[in-house]
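Observations on the three-dimensional arrangement
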Amino acid sequence: MMDNSSWLTMYPEIVLLVMACVVTLVDLYVKSPRRTGTYVLTLASLGGLALLHAFYADAGHTLYGFGRMVVSDPMGHWLKCFATIAVMVTLVYSRPYASDRDMLRGGEIFSLSLFALLGMSMMISGQNFIVIYLGLELLTLSSYALVALRRDHTQATEAAMKYFVLGAMASGFLLYGMSMLYGATGNLELSAVFKAIESGQANEQVLVFGLVFIVAGLAFKIGAVPFHMWVPDVYQGAPTAATLMIGGAPKLAAFAILVRLLVEGMLPLAVDWQQMLALLAIGSLLIGNLAAIAQTNLKRMLAYSTISQMGFVLLGFVAGVVNEETTLAANAYSSAMFYMVSYVLTTLAAFGVIMLLARQGFESEEITDLAGLNQRSPLYAGVMAVCLFSMAGIPPMVGFYAKLSVLQSLVASGQGFHIGLAIFAVLMSLIGAFYYLRVVKVMYFDEAVSTDAVQASLDVRLVLSANGSLVLLLGIFPGALMALCADSIVRMLAV
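Residues numbered from 1 in each chain as written. Predicted model: local features only at pLDDT ≥ 70, side-chain atom pairs only at ≥ 80, totals over all residues. Heavy atoms only, no water.

Description of unusual backbone geometry
In this structure, proline 226 follows valine 225 across a cis peptide bond, with omega equal to 5°. Among the secondary structure elements, proline 226 is positioned in the loop between α8 (204-222) and α9 (230-237). Here the residue pair proline 395 and proline 396 is connected by a cis peptide bond, since its omega of 5° sits within 30 degrees of zero. Note on placement: proline 396 falls in the loop between α16 (378-392) and α17 (398-412). Residues other than glycine seldom take positive phi values, yet phenylalanine 66 does so here, at roughly 50°. (Helix = DSSP H or I, 4+ residues; strand = E, 2+ residues; numbered from the N terminus.)

Right, here's the structure in full:
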């Protein structure tokens, strides 16, 4: 028999599971080809769930349930709140695009999105290797199906196959690493693993081998070099709606399992995993930015951009120096969290514009397809420009403060290697600015390919305008989001 606290820790996930089942059943009776009823029910459910997570997070309590297999803490609930909102926004942007490509005929996009979100929630809440792995598999299996949802499209089917094969390899790496850690420590629960490592009783060689496999598996999931090969192909080949579904909200869950596994579970091995993450970050910043310059396909360029952005997130973990001054570690991890949240916010708006410009029989995936966008729609050109400036780290966009916070945490550590990493990251950002500004130049100074006005439904216009405005406003007033991230990380480390 479970105590009440066990059910309280997983109450939002239970609600989400019920919602996913209800949406799947209700969709059987929806006759509209645009799935209006399913769409409204899904958005209403997600809106209520986001408020529930915000309520839990604001309460500030940390509870463990089901034999310490799951945790309910402010960091987890804020990440789940942001992930839920990201899935809502993705569905708003995706519905017109999916409807034009006959992807709504079965309504699977809504139920699969909810099950993917459930997987993310389990990953974020997991305090046990098995729970984290089950959440990861629920997310990835739903993602494979979303990528392959456009059944008659050869590119989408090919992308789904590549994603499935490489994703299975990454899952195998992660599972093998977890099994080695279990063999070395005799525990699956993260705090028990932490204590076993700290006590020095675990076999050091087995621990290091397990750690290598876990870091490799995590690097696959976030698309860090040299485990990045699936990202450009899947981003380009998948329907843009599926690309946003795998490139947006799941990044928040990926950040959570980085924190859960490396910080909460293996902090005594920080010297080892920080060296690995530093190499991954250097490779991601270098390869991601240099490869993006050569791209003509916008989605492929944004894929390489994602690889470089993940390099910055990893730098936040590298900067978390573990010593008696815990403030340095808290600042570093909170800067990585702030970076990931701001990146997801910016990515949503950028892909929202790409889907808005797409129409039946035309994908609007090439950079040249954005030529003269300012002449057709100054509003959407402005939203896209704000997103690109943010990704490039140009003030006063939120991306600038995200990069600045990571660089400050590196410099604050006082280590020469970290200062060198900060200088390298700045140089790579300068290179990266080129391919972002090239797209802005195409939108504002090239001759328009089409003179047709850009049409969008009211919900898409409102959400996209709010999304673009937030990228700018959170750059001008970043304090509240930074404080929220810092408080969440401090509470997590204090447990």
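Still to come is the rest of the account.
Some remarks on the packing of aromatic side chains
Counted according to the given criterion, the structure contains 16 aromatic pairs. Ring centres of phenylalanine 173 and phenylalanine 213 lie 5.7 Å apart, and the angle between their planes is 75°; on these two criteria the pair is classed as edge-to-face. Of this pair, phenylalanine 173 sits in helix α6 (residues 154-185) while phenylalanine 213 sits in helix α8, and the two are 40 residues apart along the sequence. Among the residues examined, phenylalanine 173 registers a relative accessible area of 26% and is labelled partly exposed. Aromatic rings pair up to connect Phe173, Tyr176, Phe213, Phe220 and Phe227 into one cluster. Its guanidinium or amino end placed over the ring of tyrosine 39, arginine 95 lies 4.3 Å from that ring's centre, counting from NZ or CZ. (Phe/Tyr/Trp six-rings, centres within 6.5 Å; stacked < 30°, edge-to-face > 60°. Buried < 20%, exposed > 50% of the residue type's maximum accessible area, 1.4 Å probe, protein only. Lys NZ or Arg CZ within 6 Å of the ring centre and 35° of its normal.)

Some remarks on the environment of proline 395
Considering the arrangement of structural elements, one finds proline 395 in the loop between α16 and α17. A sequence separation of 173 residues divides proline 395 from isoleucine 222, and the C-alpha atoms of the two residues are 26 Å apart.

Describing the nonpolar core
Taken as a class, soluble globular proteins show a tendency for nonpolar side chains to be buried jointly. Leu261, Met266, Trp273 and Phe317 are the most contacted members of the largest nonpolar core, which has 182 residues in total. The element best represented in this core is helix α14 (residues 326-357), accounting for 22 residues. Sequence-distant contacts of phenylalanine 317, defined by excluding residues within four places in its chain, comprise Phe255, Leu258, Val259, Val263, Trp273, Gln274, Leu277, Tyr333 and Ala336. (Core = buried A, V, L, I, M, F, W, Y, C linked by side-chain atoms within 4.5 Å. Contact = heavy atoms within 4.5 Å.)

Quick notes on helix α11 (residues 250-265)
In an α-helix there are 3.6 residues to a turn, and that puts residues three or four apart on one side. Between its terminal C-alpha atoms α11 stretches 21 Å, which fits the 22 Å expected from 16 residues at 1.5 Å a residue. For α11, a buried count of 16 out of 16 residues is recorded, marking the element as mostly surrounded by other parts of the structure. (Expected span 1.5 Å × (residues − 1).)

Observations concerning empty space enclosed by the protein
With the rule as written, the count across this model stands at 6 cavities of 30 Å³ or more. Of the pockets and cavities examined, the largest cavity occupies roughly 160 Å³. Every residue lining the largest cavity is counted, 13 residues in all, and those nearest its centre are Leu139, Thr140, Tyr163, Lys221 and Pro250. In terms of residue class, the lining of the largest cavity is built from 9 nonpolar, 2 polar and 2 charged. (1 Å grid on protein atoms, 1.4 Å probe; cavity = no way out; pocket = protein on both sides within 12 Å on 5 of 7 lines; lining within 4 Å. Points joined across faces, edges and corners; volume = space filled by probe spheres on them. Nonpolar A, V, L, I, M, F, W, Y, C, P; charged D, E, K, R; others polar.)

Let's talk about the pattern of salt bridges
Enumeration according to the criterion identifies 11 salt bridges in this entry. Note that aspartate 27 and arginine 35 form a salt bridge whose closest N and O atoms lie 3.2 Å from each other. The burial state of aspartate 27 is the same as that of arginine 35; both residues are buried. Ionic pairing is found between arginine 260 and aspartate 73, a salt bridge with its closest N-O pair at 3.1 Å. In this pair, arginine 260 sits in helix α11 while aspartate 73 sits in the loop between β2 (70-72) and α3 (74-100), placing the two residues 187 residues apart along the sequence. In this structure, arginine 260 and aspartate 73 share a single accessibility class: buried. Put simply, Glu158, Lys162, Asp233 and Arg300 are held in one network by salt bridges that share partners. (Salt bridge = Lys/Arg side-chain N within 4 Å of Asp/Glu carboxyl O.)

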